[in-house]
Amino acid sequence: MELLEKLTILSDAAKYDAACTSSGARRGYKDGFIGNTSTSAMGCCHSFSADGRCVTLLKVLLSNQCAYDCKYCVNRRSNDTPRASFTPEELAELTIGFYRRNYIEGLFLSSGVLRNPDHTMELMIRALQILRETYRFNGYIHAKAIPGAAPELVERLGLLADRLSVNIELPSEAGLKSLAPDKTKSAILAPMRQIQTRGVQCKEELVKYRHAPKFAPAGQSTQLIVGATADSDLRILRLTQGLYDRYRLKRVFFSAYVPVVAHTLLPSRDTKPPLLREHRLYQADWLLRFYGFRAEELLDEGTPDFNPLVDPKCSWALAHLEFFPVEVNTADYESLLRVPGVGVVSAKRILVSRRAGTLRTEDLRKLGVVMKRAQYFLTCRGQMPEGLRFTPESLLRNLIAAEQPCLPGTRMEQLSLFGA
């Protein structure tokens, strides 16, 4: 099979993996190495670095042949789909060729399970060794660790890659047993714990020895499929919170299930991907990571799923009206972050600006506060905006109306990498 034909198959097979970011890596100039560049070619995807730059990665599978039969996966062994595999040499040559043509700045590498996890990881490690040692490539690399692989292979992979990730895939162990019988919870969590522990050790070593080898310096991430099982938003958010607390993950990615295969345990092929639900989970994830919320604050057993019509922060505010209104001239940073329409940046601006004088309602919009939401939940000098009248019932209607123009349309389609 020609290399271009392999690239077409394996880059298209990688499009369902959402956990593709490069934030956290700091790879500057290194004498004798190459790496730092930006575009759009087959198999390339855009990501964002820690300093906000948009960078381009080659996003591809080493192989879409798989020994596992996960029922939700387009690459499962029982599915009739074109198969292809790169050799480590082919993948390394392709990556460095794309870099030299200024197509990419890094590599996102995953794979189906060839024979077994150890064999697959050895091939991935060989490809990255060629890139790092033979071609002296100093660019960003994100690699997927295969659950069930030997710890020493995870160690070797982490010394070659900037970021590692292990996909949990499904929010519950019951869902994993029914849809992915070849995978186990322990096989997924073991490398996560190893990556977390080894990352802490690496930081301690770097304090003592400046040239100590770096292990996955950009940390680790994971991905959850949303909508393939009946798990609630509460279960997903509790799992997300636990992963941040116990494994110090950089990101948890949510992927709306796209019905690409037919099975009695899965939604039918004509089911639309739950894109709005995915969006709400990302908003809730942001609240967990940057706004000081906990999963149990946002949802409970009585309300296990988010209201799709308003964002999670507004939902929390509507359920805790006793907390409001917040006085912007005296409230602390944590209280300001709880106000819908006030973000991390605007909250900091408020703290800085009010040192120079008392803030007025008209000043808040200049500071970045989204007043169409915030006006219902804050006061300036003890007063709400002039002429504002509302009840708890009309407040919900007003917030829904404010959000409606920002929501995705009803018709969605899965884009193809190779469509016109």
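Per-chain numbering applies: the sequence of each chain, read as written, is numbered from 1 onward. This being a predicted model, a pLDDT of at least 70 is required before a residue's local features are given, and a value of 80 or more before pairs of side-chain atoms are given or counted; all residues contribute to the totals for chains, interfaces and linings. Water and hydrogen atoms play no part in the side-chain values, which are based on all heavy atoms of the structure.

## Here we look at the overall build of the protein
Here's step 1: Helix and strand assignments come from DSSP, with helices taken as H or I runs of at least 4 residues and strands as E runs of at least 2, each series counted from the N terminus. Per the secondary structure count, the protein includes 15 helices and nine strands.
Here's step 2: Taking all 420 residues of the protein together, the buried fraction comes to 51%.
Here's step 3: Reported accessibility uses the Shrake-Rupley method at a 1.4 Å probe radius. Residues are deemed covered only where the shown protein chains occlude them. Taken as a whole, the protein presents about 20,300 Å² of accessible surface, with 51% of it coming from carbon and sulfur. Accessibility here uses a 1.4 Å probe with only protein chains present; expressed as a share of the type maximum, an area under 20% marks a residue as buried, one over 50% as exposed, and anything in between as partly exposed.

## A word on the confidence of the model for the protein
Regions with low pLDDT carry predicted coordinates that are not meant to be interpreted in detail.
Here's step 1: Confidence in the prediction for the protein averages 88 pLDDT; 88% of positions are at 70 or higher.
Here's step 2: Predictor confidence is given residue by residue as pLDDT, running from a minimum of 0 to a maximum of 100. The contact criterion used throughout is that any non-hydrogen atoms of two residues lie within 4.5 Å. Of the regions scoring below 50 in pLDDT, residues 20–27 engages in 34 contacts with residues more than four places distant in sequence or in other chains.
Here's step 3: Between residues 36–43, whose pLDDT stays under 50, and residues either more than four places distant or in other chains, the model counts 30 contacts.

## Points about the pairing of strand E6 (residues 220–226)
Here's step 1: Counting buried positions over the seven residues of E6 gives seven, a clear majority of the element.
Here's step 2: By the alternation rule, side chains of E6 split into Gln220, Thr222, Leu224 and Val226 and Ser221, Gln223 and Ile225, which are all buried.
Here's step 3: By definition, two strands form a pair when at least two bridges between them are found by DSSP. Judged from the two bridges that link them, strand E5 (residues 163–165) and E6 form a sheet pairing that is parallel. Note that in E6 the partner of Leu164 across the bridge is Gln220.
Here's step 4: In the sheet, E6 pairs with strand E7 (residues 251–256) via six bridges, with the strands oriented parallel. Counterpart to Leu224 in the pairing with E7 is Phe254.

## Quick look at the pattern of salt bridges
Here's step 1: We define a salt bridge as a side-chain nitrogen of Lys or Arg found within 4 Å of a carboxyl oxygen belonging to Asp or Glu. Tallied over the full model, the rule gives 20 salt bridges.
Here's step 2: Notably, a salt bridge pairs Asp231 with Arg235, separated by 3.3 Å at the nearest N-O pair.
Here's step 3: Here Asp231 falls in the buried class, since its relative accessible area comes to 13%.

## What about helix H6 (residues 185–208)?
Here's step 1: What a helix should span is 1.5 Å times the count of its residues minus one. End to end, H6 covers 36 Å across 24 residues, agreeing with the expected 34 Å (1.5 Å per residue, within 8%).
Here's step 2: Within H6, the full set of buried residues consists of Ile188, Pro191, Met192, Gln194, Ile195, Gln196, Arg198, Gly199 and Cys202.

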